[in-house]
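# A structural walkthrough
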Amino acid sequence: MTVQLDPDLLRTFIAIVDAGGFTSAAQQVHRTQSAVSMQVRRLETTLDRTLFQRVGRGVQLTPDGEALLGYARRLLKLHDEALAVLTRPDLTGRVRLGTPDDYVERFLPDILVRFARAFPRVQVEVHCEPSVHLRRCLAEDRLDLALITCAPGAETGEVLRREPTVWATAERHLAHEQDPLPLALFQPGCPFRDWALAGLGETGRPYRVAYTSASITGLFAAVTAGLAVTVLGHSLLPETVRALRVDEGFPPLPPASITLQRGRSISAASECLAGYLREGFALEARPVLRDSVGRMAVA
């Protein structure tokens with residue numbers, strides 16, 4: 001009998017990796033933890049391979065699990081795109097998507113291109129605003145979907161990605177050694193700004209807000225010129241900018257949670273785009289952790 005890989009089982013397998021464990025994955029795929037465990041056992045039985053092993057309170061991918069992960073992502077991507085094109089070829093409408101400026105260039109282009117290919121008759125409007133403004137727009141029904149940055153433990157909506165928040169300076173300049181410390185920050189209300197000022201306030205380090213911008217391009221212009229230090233998600237840093245370390249005198253910052261939040265009424269087109277956003281952000285949702293022998297671990 002030919003072995004078949006069930007897309008539903010692969011989806012649960014990926015959710016465990018991306019969510020960081022069985023409990024969080026259960027919430028993401030809307031199943032009980034026991035049902036998630038049963039699905040993993042079914043997948044392991046189908047392949048006759050062990051995919052996870054327990055490490056302390058968490059789980060760790062086995063070498064076979066690591067090998068499956070890349071194939072599973074590609075299979076589900078093609079599976080979902082084929083279903084979208086063939087089952088909803090005439091989907092129409094408009095989706096109003098809100099996002100902070102810093103996520104647009106880094107994450108959205110590939111996601112929106114794939115969505116446009118699958119649903120060419122759906123119009124997507126992208127509105128760039130700080131997270132605090134996006135919340136208001138959702139409440140006033142001026143957006144259908146919004147990507148909003150949250151502090152750990154204060155997340156609302158669906159968590160798409162968690163990543164380290166870092167202090168950043170230009171590779172070839174020493175703005176981080178100045179006293180008072182010059183800062184380039186987003187406008188008031190931005191979590192990154194709040195975390196930066198709170199961290200410096202707790203350590204008592206003198207600072208001045210030298211540059212304020214609603215655009216990440218404006219921040220990088222000041223930083224790369226050696227005029228200021230900024231605070232951003234690690235994945236947003238260009239090659240000319242490096243993350244500063246705690247041993248260089250900078251306090252640790254909370255990780256950023258990128259969440260997907262929905263407006264009052266969600267159309268079929270909005271739900272389809274939500275799926276593409278979920279997949280696009282999940283591809284890099286967790287940093288790769290490896291144990292002493294180089295195997296990938298899930299915290």
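Since this is a predicted model, take the numbers as computed values, not measurements.

## Looking at the packing of helix α1 (residues 7-19) against helix α3 (residues 33-47)
Between α1 and α3, the least distance of the axes is 9 Å, while the angle of their chain directions is 115 degrees. Seen along the crossing, α1 lies across α3 with a hand that is left-handed. On the side of α1, the interface is formed by Asp8, Leu9, Leu10, Thr12, Phe13 and Ile16, while α3 contributes Val36, Gln39, Val40, Arg42 and Leu43. Taken together, the residues that form the contact of α1 with α3 break down as 7 nonpolar, 2 polar and 2 charged.

## Some thoughts on the packing of α1 against helix α4 (residues 63-87)
For the pair α1 and α4, interaxial distance at closest approach is 9 Å and the crossing angle is 120 degrees. Put simply, α1 runs oblique to α4. Here the hand of the crossing between α1 and α4 comes out left-handed. Residue-level contacts link Pro7, Leu10, Arg11, Phe13, Ile14, Val17 and Asp18 of α1 to Gly65, Leu68, Leu69, Ala72, Arg73, Leu75, Leu76, His79 and Asp80 of α4. Considering only residue class, the contact of α1 with α4 consists of 10 nonpolar, 2 polar and 4 charged.

## Observations concerning the confidence of the model for the protein chain
Summing up the model confidence of the protein chain, the mean pLDDT is 87 and the portion of residues at 70 or higher is 93%. Highest mean pLDDT in the protein chain belongs to strand β8 (residues 181-186) (96); lowest belongs to strand β13 (residues 289-290) (34). Scored below 50 in pLDDT, residues 285-299 makes 42 contacts in the model with residues more than four places away or belonging to other chains.

## Notes on helix α7 (residues 191-203)
Here α7 spans 18 Å end to end across 13 residues, near enough to the 18 Å set by a 1.5 Å rise per residue. Among all positions of α7, only Pro191, Phe192, Arg193, Trp195, Ala196, Gly199 and Leu200 are buried.

## Structural notes on the sheet that holds strand β10 (residues 230-233)
Paired through backbone hydrogen bonds, the strands of a sheet run either parallel or antiparallel to each other. Read from one edge to the other, the open sheet built from 3 strands follows the order β10-β7-β11, with strand pairing classed as antiparallel. Looking along the sheet, the strands with just one partner apiece sit at the ends: β10 and β11 (241-243). Within the sheet, the average angular offset between the axes of one strand and its neighbour, ignoring direction, is 45 degrees. Alignment of strand β7 (residues 165-170) against β10, held across 4 bridges, turns out to be antiparallel. Within the sheet, the bridge partner assigned to Ala168 lies in β10 and is Thr230.

## A look at the environment of Leu134
The residue Leu134 is located in helix α6 (residues 131-139) in this model. Given the relative accessible area of 0%, Leu134 is considered buried. Those residues in contact with Leu134 that lie beyond four places of it in its chain are Gly98, Thr99, Pro100, His127, Glu129, Leu143, Ala146, Leu147 and Ile148.

## Quick word on the sheet that holds strand β3 (residues 93-99)
Read across the sheet, 5 strands follow the order β4-β3-β5-β12-β6 without closing on themselves; strand pairing throughout is mixed. Each of the sheet's edge strands pairs with one partner strand only, and the pair in question is β4 (122-128) and β6 (158-163). Direction aside, the axes of adjacent strands within the sheet are offset by 20 degrees on average. Across 5 bridges, the pairing between β6 and strand β12 (residues 256-262) is antiparallel.

## Description of the pattern of salt bridges
Oppositely charged side chains can form a pair if their charged atoms are brought close together. The final tally for this structure, using the stated rule, is 16 salt bridges. For Glu158, the salt bridge is made with Arg278, and the minimal N-O distance between the two is 2.5 Å. On the criterion of sequence distance, the pair formed by Glu158 in strand β6 and Arg278 in helix α9 (residues 268-282) is long-range, its members being 120 residues apart. Taking relative accessible area as the criterion, Glu158 reaches 19% and is therefore assigned buried. Given a relative accessible area of 29%, Arg278 falls into the partly exposed group.

So, how was this worked out
- Residues numbered from 1 in each chain as written.
- Predicted model: local features only at pLDDT ≥ 70, side-chain atom pairs only at ≥ 80, totals over all residues.
- Heavy atoms only, no water.
- Axes fitted to C-alpha atoms, helices over the stretch in contact; angles between N-to-C directions.
- Helix = DSSP H or I, 4+ residues; strand = E, 2+ residues; numbered from the N terminus.
- Left-handed = near helix turned anticlockwise from the far one by under 90°.
- Contact = heavy atoms within 4.5 Å.
- Nonpolar A, V, L, I, M, F, W, Y, C, P; charged D, E, K, R; others polar.
- Parallel < 35°, antiparallel > 145°, perpendicular 65-115°, else oblique.
- pLDDT = per-residue confidence, 0-100.
- Expected span 1.5 Å × (residues − 1).
- Buried < 20%, exposed > 50% of the residue type's maximum accessible area, 1.4 Å probe, protein only.
- Pairing = 2+ DSSP bridges.
- Salt bridge = Lys/Arg side-chain N within 4 Å of Asp/Glu carboxyl O.

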